[in-house]
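What follows is each chain in one-letter form.
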Amino acid sequence: MSRLKGVADRDSRTGFRAERRDCGASVPQGLLKAARKSGQLNLSGRNLSEVPQCVWRINVDIPEEANQNLSFSAAERWWEQTDLTKLIISNNKLQSLTDDLRLLPALTVLDIHDNQLTSLPSAIRELENLQKLNVSHNKLKILPEEITNLRNLKGLYLQHNELTCLPEGFEQLFSLEDLDLSNNRLTIVPASFSSLSSLVRLNLSSNQLKSLPAEISGMKRLKHLDCNSNLLETIPPELASMESLELLYLRRNKLRFLPEFPSCKLLKELHVGENQIEMLGAEHLKHLNSILVLDLRDNKLKSVPDEITLLQSLERLDLSNNDISSLPYSLGKLHLKFLALEGNPLRTIRREIINKGTQEVLKYLQSKIKDDEPSQNNSVTETAMTLPSESRVNVHSIVTLKILDYSDKQAVLIPDEVFDAVKSNIVTSVNFSKNQLCEIPKRIIELKEMVSDVNLSFNKLSFVSLELCTLQKLTFLDLRNNFLNSLPEEMESLIRLQTINLSFNRFKILPEVLYRIPTLETILIGNNQVGSVDPQKMKTMENLITLDLQNNDLLQIPPELGNCVNLRAALAPQDLLLENARRPAQDIITRWKSIPRSSSSHINERNSCYSGIFERPNSYLNWSCLIIFVVLILRILALIADIFLRYCVRL
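Parameters and conventions
Residues numbered from 1 in each chain as written. Predicted model: local features only at pLDDT ≥ 70, side-chain atom pairs only at ≥ 80, totals over all residues. Heavy atoms only, no water. Helix = DSSP H or I, 4+ residues; strand = E, 2+ residues; numbered from the N terminus. Buried < 20%, exposed > 50% of the residue type's maximum accessible area, 1.4 Å probe, protein only. Contact = heavy atoms within 4.5 Å. Areas by Shrake-Rupley, 256 points an atom, 1.4 Å probe, with all protein chains shown as cover. Phe/Tyr/Trp six-rings, centres within 6.5 Å; stacked < 30°, edge-to-face > 60°. Lys NZ or Arg CZ within 6 Å of the ring centre and 35° of its normal. Salt bridge = Lys/Arg side-chain N within 4 Å of Asp/Glu carboxyl O. Arc of directions from axis to C-beta. Core = buried A, V, L, I, M, F, W, Y, C linked by side-chain atoms within 4.5 Å. pLDDT = per-residue confidence, 0-100. Patch = residues over 30% accessible without salt bridge, like charges linked within 9 Å, V, L, I, M, F, W, Y side chains within 5 Å.

The protein appears in an unreviewed UniProt entry as Leucine-rich repeat-containing protein 40 from Equus asinus.

Right under this line is the structure:
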């Protein structure tokens, strides 16, 4: 729409007038011109003590170039160009903003962090389209009530200010998803916060909070709650009912005990280090089914309960700097990637074992488990109330861990009583490994609405039955060490499958059906007879992160695999890796950047199927790199010697 009607000196709110020449060198005209086209203006780090008037009036006044050029090309029609939607004026020396802020009503992003602002103008209420406001690292002592009118605001960042309270009506920011109030001087969290129903992330760390309101549990979408470095002595029990909570940070407070978490089924990380917690009981652990990280460092714990083994998904456990004198041997059953024990008066584990790291500690604990303990744990004491069939089934695993376990029995068939024992319980994992099965049990179809992990490794399967293809929620499938040479096309219906292990079978090609499962992230097909892969079809697998082709019949690695941008680990035979080590870096497609992620619901043997891949050193590749390094050093020394001799000759 044209803005040239009546361009004489008119009121700024009713039309346009000639642009004032007050910007000087602080805002180049070229920058303003580009902003009119893109709708974005970045003035960060320009040592500004105030915002130039031409910035506020960028969408109001006629630009200076309009008075110099009466013929405009399509690219120079300034009156048709975009209103400013993103303004960044961070890292300056601004002490205040004027009410002219209202002249930019189209703003969706306003970033003014790292200035010297002590207040915000009341005109901020007119930025109705604002979605992100960053006022962090300033000197704000109070927020204007007008800020509560920003109903479209999704991200509000107020960290590192001097706020002592929040304005009335703050709960009216219904669209707010990310709120950061860390490093202020808040002493209380308003109970009205429960009305922030869209909030996903809330950071209250480094304030002066002594308590949290029970109403905080009303935030039904909250996933990330950070209350580190406060003065909290207790946590309201209602907090434990927050079903959506995934990350909870309570470090550096004054907590003496932990609440139970009966409803926090999705909680993945719990950080309660540097408190005064003295006891950790079964009631604190039994509901943490999805926990991956548990931080208990720098507390006053004296013992760890045997129920720690209930945390089957646990990957990182920090117990350092407590008063723990012994550990339960059952801790060795967990598949931990990190275990910190420093600073404890442990008497049952030698210091030299602890110094060797997590895996050595776990091996030591496993070696101390009594021979009869597995049979005691995997059996149910027969009573008058116990069915004879249930005495052969690990009912404890079904009820508590949601695992149907009938592994290492050398059984040719899975007895019906195993499936009967499930009854009305929810089962998410099935472990029938280390048996003599020649076919997949047909009754596994009864678990199709719930099971996500299936382990059928170390059997005698020569084909995959169609019953397995009905498990719509299946995310992890372990078929290693069988006699398989093909997979049924019906496996295409496994639309949630993320990891499949086909190692140590008889495959000669990568099964075609795998290319048509877009959710696959990890394919382990090492130690087969695979002679080729189709890189063009592989490129369509956008989620594939790890591909293991070790010890197959591959003659070369297709260079096109380098186009699979998400592929972080493509493990090939060692002789191919050595051959590729002699090529330019851009031709090497085998990348060792990271270890693949594992699902939190994997059953006991899941980590073992990965460890063999990522822990085996490639000695050939290491020696090649060492030889190349030595040659480079020798050439550098020769070059230095040559320069020195020439210098001596000149003298």
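This next bit is on the overall build of the protein. Counting its secondary structure elements, the protein contains twelve helices and 21 strands. Out of the 651 residues in the protein, the part that is buried amounts to 49%. Considering only contacts within the protein whose residues lie at least 6 apart along the sequence, 39% involve residues at least 24 apart. Of the roughly 31,800 Å² that the protein leaves accessible, carbon and sulfur atoms contribute 51%.

On to the environment of T358, then. Position of T358 relative to the elements: it lies in helix α5 (residues 358-368). Taking relative accessible area as the criterion, T358 reaches 11% and is therefore assigned buried. Between the C-alpha atoms of T358 and H335, which are 23 residues apart in sequence, the distance is 10.0 Å. Setting aside anything within four residues of it in sequence, one finds T358 in contact with L336, K337, F338 and L339.

Throughout the structure, instances matching the rule amount to two aromatic pairs. Relative to F432, the ring of F419 lies with its centre 5.9 Å away and its plane at 75°, an arrangement referred to as edge-to-face. A residue pair is termed long-range when its members are at least 10 positions apart, and F419 in helix α8 (residues 416-420) and F432 in the loop between β15 (429-431) and β16 (453-455) qualify at 13 residues. Relative accessible area serves as the criterion here: at 5%, F419 is assigned to the buried category. Residue classification places F432 among the buried positions, given a relative accessible area of 0%. Sitting above the plane of the Y406 ring, K409 keeps its charged end 5.6 Å from the centroid. Directly above the aromatic system of F458 lies the positively charged group of K434, at a separation of 6.0 Å from the ring centroid.

Time to look at the pattern of salt bridges. Considering all chains together, one arrives at 19 salt bridges under this definition. For R251, the salt bridge is made with D295, and the minimal N-O distance between the two is 3.3 Å. With R251 in the loop between β9 (247-249) and β10 (269-271) and D295 in strand β11 (residues 293-295), the pair connects residues that are 44 residues apart, well separated along the chain. What makes D295 buried here is its relative accessible area of 5%. Here E492 and R516 are joined by a salt bridge, their closest N and O atoms 3.2 Å apart. With E492 in the loop between β17 (476-478) and β18 (499-501) and R516 in the loop between β18 and β19 (522-524), the pair connects residues that are 24 residues apart, well separated along the chain.

Let's shift gears to α5. Those residues of α5 that sit buried are T358, V361, L362, Y364 and L365. Projected down its long axis, α5 carries its buried residues within an arc of 160°, all on one side. Opposite its buried face, α5 presents the exposed residues K363 and S367, each directed more than 90 degrees away. Where α5 is buried, its residues meet β13 (338-340) and α4 (351-355).

Here the focus is the nonpolar core. Nonpolar side chains in soluble globular proteins tend to be buried together. In terms of nonpolar packing, the biggest core is built from 102 residues, with L87, L133, L156, L179, F193 and L202 touching the most fellow members. Secondary-structure elements contributing two or more residues to this core are α1 (29-38), α2 (53-56), α4 and α5. When near neighbours in sequence (up to four residues on either side) are disregarded, L87 contacts L41, V55, W56, L104, L107, V109, L110 and D111. L479, L494, I523 and L567 belong to the second-largest nonpolar core, a separate cluster that totals 56 residues.

Time to look at α1. Among the residues making up α1, those that are buried are L32, A35 and R36. Take α1 and look down its axis: the buried residues cluster within an arc of 100°, on one side only.

For E128, the location among the structural elements is in the loop between β3 (109-111) and β4 (132-134). With a relative accessible area of 54%, E128 lands in the exposed category. E128 sits 26 residues away from R102 along the chain, and the two C-alpha atoms are 9.9 Å apart.

Per-residue pLDDT for the protein averages 81, and the proportion of residues at 70 or more is 80%. Across residues 371-391, where pLDDT falls below 50, the model places 16 contacts with residues more than four positions away in sequence or in other chains. For residues 574-620, every residue scores under 50 in pLDDT, and the model assigns this stretch 98 contacts once sequence neighbours within four places are set aside.

With that settled, the discussion passes to a nonpolar patch on the surface. A grouping of L626, F629, V630, I633, L634, I636, L637 and I640 is seen on the molecular surface, where their side chains present a nonpolar patch of about 740 Å² in accessible area. Locating I636 in the fold gives a position in helix α12 (residues 619-650). Owing to a relative accessible area of 48%, I636 belongs among the partly exposed residues under this scheme.

Attention now moves to unusual backbone geometry. Here the phi dihedral of K423 falls at roughly 50°; this positive angle occurs in a residue that is not glycine. Structurally, K423 is set in the loop between α8 and β15. Taking the relative accessible area as the measure of exposure, K423 reaches 56% and is therefore exposed. Despite not being glycine, F458 has its phi angle at roughly 55°, a positive value. Among the structural elements, F458 can be located in the loop between β16 and β17. You can call F458 partly exposed: its relative accessible area is 32%.

A word on the environment of A240. Structurally, A240 can be placed in the loop between β8 (224-226) and β9. Taking C-alpha positions, A240 is 9.8 Å from K265, a pair spaced 25 residues apart along the chain. If near-sequence neighbours (up to four positions away) are discounted, A240 is found in contact with E260, F261, P262, S263 and C264.

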